[in-house]
Amino acid sequence: VETAAARAAEAARLRVAEALRQQAERDLQNGKVVDSSRERPAEKGSVMPLPKEAWKEYYVDNAQLKAHTPGLGFRMSRRLGDRAGDDSSVEWGSTIMGVDL
C-alpha cells in the first residue's frame, strides 16, 4: 500500500534527481570539473569535502524579494554581493540542492 508520505518522498526524490541532472548539465556547459568522489563541483582551493548530509533541497522563491528578474543568481555565501564567478542563475520556482554555509 502506497501512502501519501511515500508518494511525497518519491516526488521529492525525483525533483532532487532532476535538479542534480540539470545542475550537472550547467556545470558541464560552464566548463566546471566534477569530482565524483565529493559529489559536487570541484572548486579551486577547496580542501574539505562536504558530507552528503550537508546538502539540502531548496525552493527558489521570489515571494518576498519580488525581483524583476528571471531567476536568482548563485552566491558563494548568504551575502547578496557574494555572487558566483559567472552570471549563472536558477529560475524562480525551481528546486535546487545546496549547502547553507
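Residues numbered from 1 in each chain as written. Predicted model: local features only at pLDDT ≥ 70, side-chain atom pairs only at ≥ 80, totals over all residues. Heavy atoms only, no water.

### Re unusual backbone geometry
The phi dihedral of lysine 66 is positive, around 55°, even though this residue is not glycine. As for its placement among the helices and strands, lysine 66 is situated in the loop between strand E3 (55–59) and strand E4 (71–73). We classify lysine 66 as exposed; its relative accessible area is 59%. (Helix = DSSP H or I, 4+ residues; strand = E, 2+ residues; numbered from the N terminus. Buried < 20%, exposed > 50% of the residue type's maximum accessible area, 1.4 Å probe, protein only.)

### Some remarks on the environment of valine 16
With respect to the helices and strands, valine 16 occurs in helix H1 (residues 4–29). Residues valine 16 and glutamate 57, spaced 41 residues apart in sequence, show a C-alpha to C-alpha distance of 6.9 Å. Leaving out residues up to four positions away in the same chain, valine 16 has contacts with Glu57 and Met97. (Contact = heavy atoms within 4.5 Å.)

### So, the confidence of the model for the protein chain
Mean pLDDT over the protein chain works out to 75, with 76% of the residues at or above the 70 mark. In the model of the protein chain, strand E2 (residues 40–41) stands out as the element of lowest mean pLDDT, 48, in contrast to E4, which has the highest, 88. (pLDDT = per-residue confidence, 0-100.)

### Let's talk about the pattern of salt bridges
When their charged atoms lie close together, side chains carrying opposite charge are able to pair. In the structure shown here, the tally under the stated rule is one salt bridge. Of the charged contacts, one joins arginine 79 and aspartate 82 as a salt bridge, the two residues approaching to 3.5 Å between their closest N and O atoms. (Salt bridge = Lys/Arg side-chain N within 4 Å of Asp/Glu carboxyl O.)

### With respect to the side chain of asparagine 62
Tracing the sequence through the fold places asparagine 62 in the loop between E3 and E4. If sequence neighbours within four positions are ignored, asparagine 62 has contacts with Ala67 and Trp92.

### Digging into the environment of valine 99
The residue valine 99 is located in strand E6 (residues 95–99) in this model. Sequence separation between valine 99 and glutamate 57 is 42 residues, and the spatial gap between their C-alpha atoms is 8.7 Å.

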